[in-house]
Amino acid sequence: MHLTLVQTPDKTPHVTPVTDSWGNQVGKSKLLERFLVDSYKGQQHSTYALNIFKYSTKIEGKNTVVEFWDTAGQERFNNIHPSYFHQAHACIMIFDATRKITYKNLDRWYQELREARPAIPCLCAVNKIDADLNITKKNFKFPKKNDMPLYFVSAADGSNVVRLFRDAIRLAYAYKSGDSQDFIDQILRELEVREY
Amino acid sequence: MSVSTIKVRKIGCRFHPPALILFYIDLKTNKTRRRTHPIENLSVNTNVTDYARELQESETNKSNLFKFIPLRRLERLIFVLKNGSCKNQPISTIKNHLESYDRLDLDEDLNKLDDDTLKHKKSIMNELFEKNLVTKEDKNYKYDIDVDFTTNQQLQASEWDSDNEDDE
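Because the structure is predicted, anything quoted here is derived from the model rather than measured. (Residues numbered from 1 in each chain as written. Chains lettered and ligands numbered in written order. Predicted model: local features only at pLDDT ≥ 70, side-chain atom pairs only at ≥ 80, totals over all residues.)

Peer 1: I'm lost on the overall build of chain A in this one. Help?
Peer 2: Scanning chain A from terminus to terminus reveals six helices and eight strands. Put simply, chain A runs from its N terminus to its C terminus through helices and strands in the order β-α-β-β-β-β-α-α-β-β-α-β-α-α. Looking at chain A as a whole, 51% of its 196 residues qualify as buried. By sequence separation, contacts in chain A at least 24 residues apart represent 68% of the contacts at least 6 residues apart. (Helix = DSSP H or I, 4+ residues; strand = E, 2+ residues; numbered from the N terminus. Buried ≥ 20, exposed ≤ 12 C-beta atoms within 10 Å, placed from the backbone. Contact = placed C-beta atoms within 7 Å.)

Peer 1: I would appreciate a short explanation of the overall build of chain B in the present structure.
Peer 2: Looking only at helices and strands, chain B features four helices and four strands. From first element to last, N terminus to C terminus, chain B shows the α and β order β-β-β-α-α-α-α-β. For 168 residues, the compact-globule formula gives about 15 Å, and the C-alpha radius of gyration of chain B, at 21 Å, lies well above that figure. Residue burial in chain B is summarised as follows: out of 168 residues, 17% are buried. (Rg over C-alpha atoms; globule rule 2.2 N^0.38 Å.)

Peer 1: How do you make sense of the interface of chain A and chain B when you look at a structure like this?
Peer 2: The extent of an interface is frequently quoted as the accessible surface area lost upon association of the parts. Contacts between the two partners involve 29 residues from chain A and, on the opposite side, 27 residues from chain B. Counting residues per element, the ones that place at least two in the side of chain A that touches chain B are α2 (100–104), β7 (138–139) and α5 (161–176) of chain A. Of the residues forming the side of chain A that touches chain B, the biggest block, three residues, is contributed by α2 of chain A. The class makeup of the residues in the side of chain A that touches chain B is nine nonpolar, eight polar and twelve charged. (Nonpolar A, V, L, I, M, F, W, Y, C, P; charged D, E, K, R; others polar.)

Peer 1: I keep staring at the sheet that holds strand β2 (residues 19–26) of chain B and nothing clicks. Help me out?
Peer 2: Through backbone hydrogen bonds, the strands of a sheet pair up, either in parallel or in antiparallel fashion. All names here are of chain B. Ordered by their spatial adjacency, three strands build an open sheet running β1-β2-β3, and the pairing between neighbours is antiparallel. Of all the strands in the sheet, just β1 (6–14) and β3 (31–38) have a single pairing partner and so form its edges. Neighbour to neighbour, the strand axes of the sheet diverge by 20 degrees on average, direction disregarded. In terms of strand pairing, β1 meets β2 through eight bridges, oriented antiparallel. Among the inter-strand pairings, I11 is bridged to a residue of β2, identified as L22. (Pairing = 2+ DSSP bridges. Axes fitted to C-alpha atoms, helices over the stretch in contact; angles between N-to-C directions.)

Peer 1: Would you mind showing me how to read the pairing of β2 of chain B here?
Peer 2: Within a regular strand, the side chains alternate between the two sheet faces. Residue and element names in this part refer to chain B. Here β1 hands over to β2 after four residues, the two strands then running antiparallel side by side. Bridging between β2 and β3 involves eight bridges; their strand directions are antiparallel. Directly across from I25, in β3, lies its bridge partner T32. Remark: four residues form the turn of the hairpin made by β2 and β3, two consecutive strands paired antiparallel; N30 in that turn has positive phi of roughly 65 degrees.

Here is the structure:
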């Protein structure tokens, strides 16, 4: 899955970050549902092969609306339309703890993302740890070589889901506010040290 | 009719004309009963999972017995019916197809499957999800759950990285 925060065209104090998500049937929509809980329901309208979810929160004292974009299966056609990444502010790349192929595919998705969005902050998460807890004893090259923090999450039992999305929002906000890459790197390093 | 008043014994299907046949015990009278449910509008283009879900959720029939049948089971039956009744495949062929249809191959790239098969694989994965699911209605539910897996343990390199196809 990948999660992106997208810029609002207007100058209102609220951000409209969009988290869009990718995947190879790794449970990205279920993660989003776990994070949004009640507000997930009733928001599902599929247009342009994606679902958009709005989430209101406070960042640094400011009311902010975050948009999450979730693909409606277009990743199955082997590529994602570049407009999907357009104006994204952050991205979560997700793989499935039970299926190696989803991990192997991350490189390709990541390349596509970087062609469209060379500098947005990225986070990595492995879902379904409830199905294979052993995975939490492993470390992975992909997040390491691309400087992403790795999260061990479960949409089923809820482990680290809220943490993942909150950190993603925080990074997206920093990027949107035009904070320097140094600052974003600093947050990323800090998250990496904690590594959930 | 509620779960407590019937007990499903077995379920099967008939190709011509297509129908699902359900045997169950009516616990009030302790009698075994048979329900034959004609399967209509099934074609080679029917999506098996959607069809099975509709059967399960149908409200038109007040005593809808299909709601007692796991979705995956209904999907298997509709899959068999579609291949047997609409495509006229011989039983042996259907058996082979059914086996790969109903098996979750962890090395398979699900993005490459057709819609029908993908939806079924998702149902299979969903069984595990439902099994481990903690919802708001559960007593031990907490919204924000932080688990730090890295303390007090040495991380090992994942074997998923050890393939030679990987760069470096």
